[in-house]
Amino acid sequence: MEESKPVHAEPTHGAGWNIQSVLPQDGIPWYKKRHLLILNLFMIVPYLSSTTNGYDGSLLNGLQSMSQWQDYFGHPEGTRLGSLGNGVIFGQILAFPIAPWLCDHMGRRFPIFIGSIFLVIGAILQCASQNYAMFLISRMIIGFGGLIAVEASPLLCSELAYPTHRPVLVGYYNNLWYLGALLAAWVTYGTYFMGAGVSWSWRIPSLLQGFFPLLQVLFVYLLPESPRYLVQKDRHEEARKILTKYHAGGDENSALVDFEMKEITLQIETAKVASSQNYREFIKTKGNLHRLFIVIIVPCMMQLSGNGLTSYYLHLILNSIGLTSDPEQLRINGGLMVFNFFVSIAMASFMEIAGRRKLFLFSTVGMLTAYIIWTILSAINQQRNFEDQGLGKGVVAMIFIYQFFYNTGLNGPPWVYVTEILPTHLRAKGANIMQIAGTCALIFNGYANPVAMAAITWKYYIVYCCIIAVEIVLVYFFFPETKGRSLEEIGFIFDGEGAFGGHDPSKEIDTTHLEKTESKV
């Protein structure tokens, strides 16, 4: 039998060496290939971490619009309300040193498993809360478990996905935030009508927050482990078997699997020789400093572009324009979540077509435009003592338009972009830095937003107009395009030929696995 030889593309400063050269050209759509269909369905399990996160974000919004919850907890406002919003963040802070260690030493599946257990416990305690302190503690537990699960989940998606599916699949990860958000919004809307003084109107939504984590506990170990994590732990044969089964449909002579193993192994082995695996590595090279800058800026953009107001304090915005009815606020919140979900899913499909950089620019320019109009309408509405209902509806319309642009560039693309610019040995730590930066921004949102909205109302929007303007400049000058490359090939953008120690990946890597495969043919 004739040997099946892999096809290699020779590199020219990283440009000619590209995974596209070894992709199957059989013309069969992925959904008709059992191994790819199963692999993509597996992604639902890590997606649920984002769904749970979204449920929490919308839950607090919904609860604040429920008189039953407000009466039970004494109508919290100012810093007292901010503490409830930041309760999750307090728990996340405790998990920061633990999450990357678990990812680096226990793999990607175990952190999802253990984090989800804490989430289930937190949801039960949240439902059973008897006072403000108990509710706050339950939210801290939710934050602790949520961060551990959230850090590992996009890593598993990114490192396990089929190469050409990775951008869209990882993009869908953060988009599923809105699935949880819309469920929480409509659940709170439904339970609101249980009647005044009925505590189960807020206890039922609180308990349901543990449903998705429970599914993760039950099903996460059905997924294979990240092949990149396995290579990092010198478990090459296990990694190759996973790639062969899920990327090549069991074809042991697959040129794609040979190519992927060579990319992954060379990148990881080069990193082991040339660098350490601690946080100081981020400041040792120009390429890693550039990565660190992006890893910090992206989550700040995700949280400080004005979306914190619509995510956690929508009721304050609606109050400020004269829309104070509880059912009306709940309907707007629920409608916004449905809108966000479908827009974000649709826009994720353009990630590999338009590229990350163009989506970031389109998003930030659009958000700035919407926020300026939003600010002007709010100012005029206040001057007219909220008597012009048309202005109030105009503000609501701008909120929806703003969310369209936000979802285009700051929902799906961030996790895709951050996970792909980081090499395997720094990916978990980079994800942790991203979470820390995002948490710092959330703390600001949690305390500054309710206080500022109460004190200066629409004038506070001007702050976000300025922030978004700065974001446009940063994206334009510092965000390189990464589309059309594998995780390992993106290293050429930041490190040049040093990405693989100056070696030609198609020639300089250990070919033991390839030789073993060929000897069986």
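Look above for the structure.
Reading the values: the criteria
Residues numbered from 1 in each chain as written. Predicted model: local features only at pLDDT ≥ 70, side-chain atom pairs only at ≥ 80, totals over all residues. Heavy atoms only, no water. Helix = DSSP H or I, 4+ residues; strand = E, 2+ residues; numbered from the N terminus. Buried < 20%, exposed > 50% of the residue type's maximum accessible area, 1.4 Å probe, protein only. Contact = heavy atoms within 4.5 Å. Areas by Shrake-Rupley, 256 points an atom, 1.4 Å probe, with all protein chains shown as cover. Phe/Tyr/Trp six-rings, centres within 6.5 Å; stacked < 30°, edge-to-face > 60°. Axes fitted to C-alpha atoms, helices over the stretch in contact; angles between N-to-C directions. Parallel < 35°, antiparallel > 145°, perpendicular 65-115°, else oblique. Left-handed = near helix turned anticlockwise from the far one by under 90°. Nonpolar A, V, L, I, M, F, W, Y, C, P; charged D, E, K, R; others polar. Polar contact = N/O pair within 3.5 Å; in protein donor to acceptor, adjacent residues only side chain to side chain. Core = buried A, V, L, I, M, F, W, Y, C linked by side-chain atoms within 4.5 Å. Salt bridge = Lys/Arg side-chain N within 4 Å of Asp/Glu carboxyl O.

**Points about the overall build of the protein**
And then number 1: From N to C terminus, the protein includes 26 helices and zero strands.
And then number 2: Counting over 521 residues, the protein shows a buried share of 61%.
And then number 3: Contacts spanning at least 24 positions in sequence make up 83% of the contacts within the protein whose residues lie at least 6 apart.
And then number 4: With an accessible surface of roughly 19800 Å², the protein has 65% of that area assigned to carbon and sulfur atoms.

**Examining unusual backbone geometry**
And then number 1: A positive phi angle is found at histidine 75, which is not glycine, with a value near 50°.
And then number 2: On the basis of relative accessibility, which here comes to 45%, the residue histidine 75 falls in the partly exposed class.
And then number 3: Of note, aspartate 234 is a non-glycine position whose phi angle comes to about 60°, a positive value.
And then number 4: Locating aspartate 234 in the fold gives a position in the loop between α12 (227-232) and α13 (236-247).

**Some thoughts on the packing of aromatic side chains**
And then number 1: Inspection of every chain in the model, using the stated rule, returns 34 aromatic pairs.
And then number 2: Geometrically, the ring pair formed by tyrosine 460 and tyrosine 464 is edge-to-face, given 5.3 Å between the ring centres and 75° between the ring planes. The same class applies to tyrosine 460 as to tyrosine 464, namely buried.
And then number 3: Linked through ring pairs, Tyr371, Trp374, Tyr402, Tyr406, Tyr460, Tyr461 and Tyr464 together constitute an aromatic cluster.

**Regarding helix α8 (residues 166-175)**
And then number 1: Counting buried positions along α8 gives eight out of 10 residues, so the element sits mostly inside the fold.
And then number 2: Turning to α8, its buried residues are Arg166, Pro167, Leu169, Val170, Gly171, Tyr173, Asn174 and Asn175.

**Regarding the packing of helix α22 (residues 413-421) against helix α23 (residues 424-456)**
What describes two packed helices is the angle between their axes and the distance between those same axes.
And then number 1: Taken N-terminus to C-terminus, the directions of α22 and α23 make an angle of 140°; their axes are 9 Å apart at the nearest point. By the criterion of interaxial angle, the relationship of α22 to α23 is oblique. Regarding α22 and α23, the two cross each other, and that crossing is right-handed. Only Arg427, Ala431, Met434 and Gln435 of α23 make contact with α22, whose side of the interface consists of Pro414, Trp415, Val418 and Thr419.
And then number 2: The residue makeup of the contact of α22 with α23, split by class, is five nonpolar, two polar and one charged.

**Some details on the side chain of threonine 188**
And then number 1: If you trace the backbone, threonine 188 turns up in helix α9 (residues 177-192).
And then number 2: Overall, the relative accessible area of 0% leaves threonine 188 in the buried class.
And then number 3: From its side chain, threonine 188 meets the backbone oxygen of alanine 184 in a polar contact 2.9 Å long.
And then number 4: Only 2.8 Å separates the side chain of threonine 188 from the backbone oxygen of alanine 185, close enough to count as a polar contact.

**Description of the environment of isoleucine 142**
And then number 1: Positionally, isoleucine 142 belongs in helix α7 (residues 132-160).
And then number 2: When the C-alpha positions of isoleucine 142 and asparagine 53 are compared, they lie 9.4 Å apart, and in sequence the two are 89 residues distant.

**Considering the nonpolar core**
And then number 1: Counting residues in hydrophobic clusters, the biggest one holds 109 residues, and the most contacted among them are Tyr371, Trp374 and Phe479.
And then number 2: Element by element, the count of residues in this core is highest for helix α20 (residues 356-383), at 10 residues.
And then number 3: Those residues in contact with phenylalanine 479 that sit more than four places away from it in its chain are Ile294, Ile297, Val298, Met301, Arg357, Phe360, Tyr417 and Leu474.
And then number 4: Judged by nonpolar contacts, the second largest core, of 16 residues, contains Met66, Leu84, Phe135 and Trp202.

**Overview of the pattern of salt bridges**
And then number 1: Per the stated rule, a full pass over the model turns up 14 salt bridges.
And then number 2: Linking arginine 235 and glutamate 238 is a salt bridge whose minimum nitrogen-to-oxygen distance equals 2.9 Å.
And then number 3: Judged by relative accessible area, glutamate 238 falls into the partly exposed class, the value being 39%.
And then number 4: A salt bridge links aspartate 495 to arginine 291; its shortest N-O distance comes to 2.8 Å. Residue aspartate 495 is located in helix α25 (residues 491-495), and its partner arginine 291 is located in helix α15 (residues 286-303); the two are separated by 204 residues in the primary sequence.
And then number 5: Aspartate 495 gets classed as partly exposed once you look at its relative accessible area, which sits at 30%.

**Remarks on the packing of helix α2 (residues 44-64) against helix α11 (residues 211-219)**
And then number 1: Between α2 and α11, whose axes approach to 9 Å, the crossing angle comes to 160°. What the angle tells us is that α2 and α11 run roughly antiparallel. The hand of the α2/α11 crossing is left-handed. Contacts between α2 and α11 involve Val45, Pro46, Leu48, Ser49, Thr51 and Thr52 from the former and Phe212, Pro213, Leu215, Gln216 and Phe219 from the latter.
And then number 2: When the residues that make up the contact of α2 with α11 are grouped by side-chain class, the tally is seven nonpolar, four polar and no charged.

**Focus on the environment of leucine 215**
And then number 1: Mapped onto the fold, leucine 215 is located in helix α11.
And then number 2: Placed 99 residues apart in sequence, leucine 215 and serine 116 show a C-alpha to C-alpha distance of 8.7 Å.

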